[in-house]
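Summary of structural features
Chain residues, written in single-letter form:
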Amino acid sequence: MAAQRAARRKRKEQSEYFFDYSLLFIVLFLLGFGLVMIYSASSYEAYQSFHDQAYYLKRQLIAVIMGIVAMIAVANIPYHFWERFAFLGYLVSMAIIPLVLTPLGVESHNARRWIGIPVIGLNLQPAEVAKLGMILFLATMVCKMGKGVRTMKGFLFMVALPLPVAAEVYLITQNLSSAIIILGISVLMVFVASPDYRKFVIMGGAVAAVAALAVYLAVTGNGGQGFRSGRLIAWLDPESDSLGIGFQTMQALYAIGSGGIWGKGLGQSMQKLSFLPEAQNDMIFSVICEELGLFGAVAIILMFIMLLWRMMVIANNAPDLFGAMLVVGVMGHIAIQAILNIAVVTNTIPNTGISLPFISYGGSSVMFLLSEIGLVLSVARRIQLKEL
């Protein structure tokens with residue numbers, strides 16, 4: 001009898017499925033921390049502009065709640081269900097971006113990158129739709145092509161697929177950072193699917209050469225006096241135009257430097273008092289550094305590292321290639337966006353508008369990021385536990 005009970009218990013254990021509570025906890029922590037920091041960073045400006053200190057907090061909270069609902073729904077749907085909508089997602093991504101040029105388009109800070117949704121009172125950023133659509137589409141294409149991805153023809157085909165969407169994002173919405181993220185996600189997914197790394201070394205060298213040429217032309221003045229050239233010059237020497245295009249970078253560096261090791265204390269930032277533009281959005285990491293110091297900044301970076309590590313574990317144990325590629329795409333999205341945001345704030349790379357995942361203010365960003373986390377949890381739930 002004891003042997004039979006042990007056998008039944010063993011079969012039951014082998015039939016159990018995995019749920020990553022660690023991943024869920026990290027995401028919920030980042031969301032909660034983000035809401036606190038959004039209120040801290042935006043309360044002064046919100047009161048000055050809308051006579052409501054919690055204006056940005058309330059809007060972000062609505063988006064977070066909607067995103068959590070979407071995450072729960074997606075997590076409970078078998079991830080293979082979305083495979084049939086992959087090509088449709090690609091077409092929708094391309095079709096929705098030009099809508100910003102229609103009367104539905106919403107302009108903010110001299111940029112037209114959003115579509116107004118009157119029913120819920122929120123704005124949708126088509127670039128966020130494109131990121132999710134590209135992850136789903138490329139994961140499906142990698143599975144369909146199989147070993148064909150490893151050939152030069154297959155490699156070039158996979159690399160070319162995101163180019164039309166990225167070009168639309170850049171040319172229509174003037175959103176260079178989102179275009180770079182879409183291309184980065186695609187390259188990472190193809191990199192994981194293809195074992196031949198020489199192609200990527202050559203590609204990386206070509207990109208580095210083009211970037212170096214762009215910097216050289218901007219410094220020598222041969223690249224013209226455009227907005228992009230100005231940002232490159234401000235990156236190399238932000239003090240050269242500290243009241244102009246280098247103003248935001250200088251204020252961010254002031255905030256980081258004044259925070260010290262332990263920070264001034266939550267809510268005690270001075271730079272957020274109309275000195276630092278977009279304090280609750282692109283530059284929220286500098287407010288974290290000022291209020292919570294190096295300790296707070298390192299803690300948040302470690303949380304992102306833990307989040308990416310949990311995703312890597314799920315990808316390595318995914319039941320099939322499609323699930324693994326979905327998780328790799330989401331992991332690439334979060335990693336690239338977090339690295340670029342922190343690099344911009346610290347002036348490691350030229351300034352370009354990009355939000356910090358789960359923490360920066362932005363309804364579209366947090367809703368689609370949570371939907372992507374739902375996909376990861378859906379893959380994780382199909383991992384069958386086995387006795388070690």
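The rules behind the values
Residues numbered from 1 in each chain as written. Predicted model: local features only at pLDDT ≥ 70, side-chain atom pairs only at ≥ 80, totals over all residues. Heavy atoms only, no water. 1 Å grid on protein atoms, 1.4 Å probe; cavity = no way out; pocket = protein on both sides within 12 Å on 5 of 7 lines; lining within 4 Å. Points joined across faces, edges and corners; volume = space filled by probe spheres on them. Helix = DSSP H or I, 4+ residues; strand = E, 2+ residues; numbered from the N terminus. Nonpolar A, V, L, I, M, F, W, Y, C, P; charged D, E, K, R; others polar. Contact = heavy atoms within 4.5 Å. Polar contact = N/O pair within 3.5 Å; in protein donor to acceptor, adjacent residues only side chain to side chain. Salt bridge = Lys/Arg side-chain N within 4 Å of Asp/Glu carboxyl O. Buried < 20%, exposed > 50% of the residue type's maximum accessible area, 1.4 Å probe, protein only. Core = buried A, V, L, I, M, F, W, Y, C linked by side-chain atoms within 4.5 Å. Phe/Tyr/Trp six-rings, centres within 6.5 Å; stacked < 30°, edge-to-face > 60°.

**Section: empty space enclosed by the protein**
The final tally for this structure, using the stated rule, is 2 cavities of 30 Å³ or more. In this model, the largest cavity occupies a volume close to 40 Å³. Contributing to the lining of the largest cavity are R231, A234, W235, I245, T249, N347 and N351. Here the lining of the largest cavity gets 3 residues from one element, more than from any other, and that element is helix α10 (residues 227-236). The class makeup of the residues in the lining of the largest cavity is 3 nonpolar, 3 polar and 1 charged. When its volume is computed, the second largest cavity comes out at roughly 30 Å³. Lining the second largest cavity we find I97, R113, Q125, P126, A127, V169, T173 and N175. Sorting the residues of the lining of the second largest cavity by element identifies α5 (126-145) and α7 (163-173) as the ones contributing at least two each. When the residues that make up the lining of the second largest cavity are grouped by side-chain class, the tally is 4 nonpolar, 3 polar and 1 charged.

**Considerations on the environment of E290**
Here E290 lies in helix α12 (residues 284-316). Apart from the residues lying within four places of it in its own chain, the contact partners of E290 are A255, S258, G259, G263, K264, S269, M270 and Q271. One polar contact links E290 to S269, side chain to side chain, over a distance of 2.6 Å.

**Examining the layout of surface pockets**
Gaps left between atoms show up when a probe the size of a water molecule is rolled over them. Roughly 1200 Å³ of volume is contained in the second largest pocket. Elements represented by at least two residues in the lining of the second largest pocket include exactly α7, α8 (176-193), α9 (198-220), α10 and α13 (321-345). Partitioning the lining of the second largest pocket into residue classes produces 21 nonpolar, 5 polar and 2 charged.

**Let's talk about the pattern of salt bridges**
In the structure shown here, the tally under the stated rule is 5 salt bridges. When the shortest N-O distance is used, the salt bridge between E128 and K131 registers 3.2 Å. Pair noted here: E128 and K131 are both in helix α5, with a separation of 3 residues, about one helical turn. On the basis of relative accessible area, E128 is assigned to the buried category, the value being 4%.

**What about the nonpolar core?**
Core analysis: the biggest nonpolar cluster contains 107 residues, and F304, L307, M311, I314, I334, F358 and I359 have the highest contact counts within it. Ranked by residue count, the leading element in this core is α13, at 16 residues. When near neighbours in sequence (up to four residues on either side) are disregarded, I334 contacts F304, L307, L308, M311, P357, F358, L369 and I373.

**Examining the packing of aromatic side chains**
Counted under the stated rule, the structure contains 14 aromatic pairs. An angle of 85° between the planes, with centres 5.1 Å apart, marks the rings of Y56 and Y361 as edge-to-face. Of this pair, Y56 sits in helix α3 (residues 55-75) while Y361 sits in the loop between α13 and α14 (363-381), and the two are 305 residues apart along the sequence. On the basis of relative accessible area, Y56 is assigned to the buried category, the value being 9%. Residue Y361 is classed as buried on the basis of its relative accessible area of 17%.

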